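# Reading the structure
Each chain, written out:
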Amino acid sequence: MIIFPIERFQGLRTPFYYYDTELLRRTLDVLGEQTARYGYQVHYAVKANANPHILSLIARKGLGADCVSGGEVQAALEAGFPADRIFFAGVGKADWEIRLGLEHGIGCFNVESPAELRVIDELAAALGRTAPVALRINPNVDAHTHAKITTGLEENKFGITSGMLPGVLAVMADMKHVRFLGIHFHIGSQITDLSVFRNLCLRAGELQDDLEALGLSVAHLNFGGGLGIDYHHPDRFPVPDFENYFSVFRQSVKPRPGQQFHFELGRSIVGQCGTLIAKALYVKEGETKKFAVLDAGFTELIRPAMYDAYHYIENLTSNEPPETYDVVGPICESSDVFAKGRKLNRVRRNDLIAIRSAGAYGEAMASQYNCRRLPEAFFPDLPLE
Ligand SMILES: *Cc1c(COP(=O)(O)O)cnc(C)c1O
């Protein structure tokens, strides 16, 4: 349960992100215990939240970093992640981004097309280096999640499909500046049905048999990220069930001797520790409903507008009986709605409203649309920047 230090919020400019670092540490400790059991390696998906304090806290706990841009590689290096534990994925890597990774000697490039593989080989040759690569496979496994966060179906832009694979392997066989490490998958995000991961394991097992039959050894199996969190009950199980998650992989794929299993978790690590704190500006009485108008909008948290996402919302400063509101922001777009028909303790001007489970894809996706200021972050155990 997150206890909000409301007295310390007085005088802070809203909206801002509040991060419960205690919960983040606890989450990382549980994650560490579970991965240590099996020798699994986790690379934190930087795109979920690239706040420098969060990155350095995660780096100090010994995780690697999964990056999807040169900027993220840079941020991970600055936060103290060792270069060889930085993995670089993404369907479109610019030359400078590939060079940056090569120059720093990052651990792996997750390659998504034969065209990209050729560019990496050329750039590595020019720098006199060898690029460690894994092939990102699109396994055509349905993640049973929102369409905008599904990535592992053949209709998605991501990864190498089974039809493309023989061509890629043929191209790779002649390359002198790439070293094949293994295969990578990432089939989607906010996955709560663990049978999805079991299906992924079956596909990974088949694929590695096929590759071995061709004489390739698969040193790394990287299953990506995607484990979901409970947005409806943020305080019920604030630490995700990592034990059950990893046991699926343990039960469903038999590791080869010396083989490493990698995971790239983002949301499940940082999702519950972050809360967007907003102020109620007014209550607007419409014809048929009441609108609680906040000073935060989709510029601070875009998930409801972009993915129809649900976030639990509470009024931190009211004990009055609940009323029903549409909770909306000030942005000049009809999609700037956090929730419709939501019960909140009676809202009055200047109440502090908490939008929970906003640690992942919240601050990281903030924008300055409408010339707004980017939100600040408040950590209870750190001085305010
Ligand atoms: C976004 C992403 C992840 C993390 O996904 P979560 O759902 O936040 O765990 C992992 N790997 C890749 C390649 C990604 O693009």
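This report concerns the structure included in the present document. (Residues numbered from 1 in each chain as written. Predicted model: local features only at pLDDT ≥ 70, side-chain atom pairs only at ≥ 80, totals over all residues. Heavy atoms only, no water.)

Within the protein one finds 11 helices and 16 strands. The C-alpha radius of gyration of the protein comes to 22 Å, within 12% of the 21 Å expected for a compact globule of 385 residues. Overall size of the protein, expressed as C-alpha extent along the three principal axes, is 70 × 40 × 40 Å. Counting only residues that meet the buried cut, the protein has 55% of its 385 residues in that class. Restricting to contacts in the protein with at least 6 residues of sequence separation, those with at least 24 account for 71%. Just so you have it, the protein exposes about 16500 Å², and 51% of that area is on carbon and sulfur atoms. Computing the positive centroid from 39 side-chain charges and the negative centroid from 46, the protein places the two 2 Å apart. (Helix = DSSP H or I, 4+ residues; strand = E, 2+ residues; numbered from the N terminus. Rg over C-alpha atoms; globule rule 2.2 N^0.38 Å. Buried < 20%, exposed > 50% of the residue type's maximum accessible area, 1.4 Å probe, protein only. Contact = heavy atoms within 4.5 Å. Areas by Shrake-Rupley, 256 points an atom, 1.4 Å probe, with all protein chains shown as cover. Lys, Arg positive; Asp, Glu negative; His and termini not counted. Charge placed at Lys NZ, Arg CZ, Asp CG, Glu CD.)

Around the ligand sit 15 residues, and of these Lys-47, Ser-189, Glu-264, Arg-267 and Tyr-361 come closest. Within the contact set of the ligand, a nitrogen atom lies 2.7 Å away from a side-chain nitrogen or oxygen of Glu-264. Here an oxygen atom of the ligand sits 2.6 Å away from a polar atom, N or O, in the side chain of Tyr-361. Here the ligand has 390 Å² of accessible area as a free molecule, and 95% of this is covered by the chains. Of the residues that constitute the shell around the ligand, the class distribution is four nonpolar, six polar and five charged. (Near = heavy atom within 4 Å. Polar contact = N/O pair within 3.5 Å; in protein donor to acceptor, adjacent residues only side chain to side chain. Nonpolar A, V, L, I, M, F, W, Y, C, P; charged D, E, K, R; others polar.)

Right, let's get into helix 5 (residues 95-104). Buried within helix 5 we find Glu-97, Ile-98, Leu-100, Gly-101 and Leu-102. Each element contacted by the buried residues of helix 5 is listed here: helix 4 (70-79), strand 4 (86-88), strand 5 (108-111), helix 6 (114-127) and strand 6 (131-136). Once helix 5 finishes, Gly-105 follows within two positions and takes phi at roughly 70°, a positive value.

On to the nonpolar core, then. Phe-9, Tyr-44, Phe-109, Phe-223, Ile-269 and Val-270 are the most contacted members of the largest nonpolar core, which totals 109 residues. Examining the composition of this core, we find that seven residues originate from one element, helix 8 (residues 195-213), more than from any other. Those residues within four positions of Phe-109 in sequence are excluded, and the remaining contacts are Phe-88, Ile-98, Gly-101, Leu-102, Ile-120, Ala-131, Pro-132, Val-133 and Ala-134. (Core = buried A, V, L, I, M, F, W, Y, C linked by side-chain atoms within 4.5 Å.)

Our next topic: the packing of helix 5 against helix 6. Helix packing geometry: the angle between the two helix axes and the distance between the axes. Between helix 5 and helix 6, the least distance of the axes is 10 Å, while the angle of their chain directions is 50°. Judged by the inter-axis angle, helix 5 sits oblique to helix 6. Classified by chirality, the crossing of helix 6 by helix 5 is right-handed. Where helix 5 approaches helix 6, its residues Asp-95, Ile-98, Arg-99, Leu-102 and Glu-103 are matched on the opposing element by Val-119, Ile-120, Leu-123, Ala-124 and Leu-127. Taken together, the residues of the contact of helix 5 with helix 6 sort by class into seven nonpolar, no polar and three charged. (Axes fitted to C-alpha atoms, helices over the stretch in contact; angles between N-to-C directions. Parallel < 35°, antiparallel > 145°, perpendicular 65-115°, else oblique. Left-handed = near helix turned anticlockwise from the far one by under 90°.)

What follows covers the environment of Val-42. Along the polypeptide, Val-42 turns up in strand 2 (residues 41-45). For Val-42, a relative accessible area of 6% corresponds to the buried category. The spacing of Val-42 and Phe-263 is 221 residues in sequence and 4.7 Å in space, taken between C-alpha atoms. Residues contacting Val-42, with those up to four places away along its chain left out, are Leu-31, Thr-35, Leu-63, Gly-64, Arg-85, Phe-246, Phe-263, Leu-265 and Ile-269.

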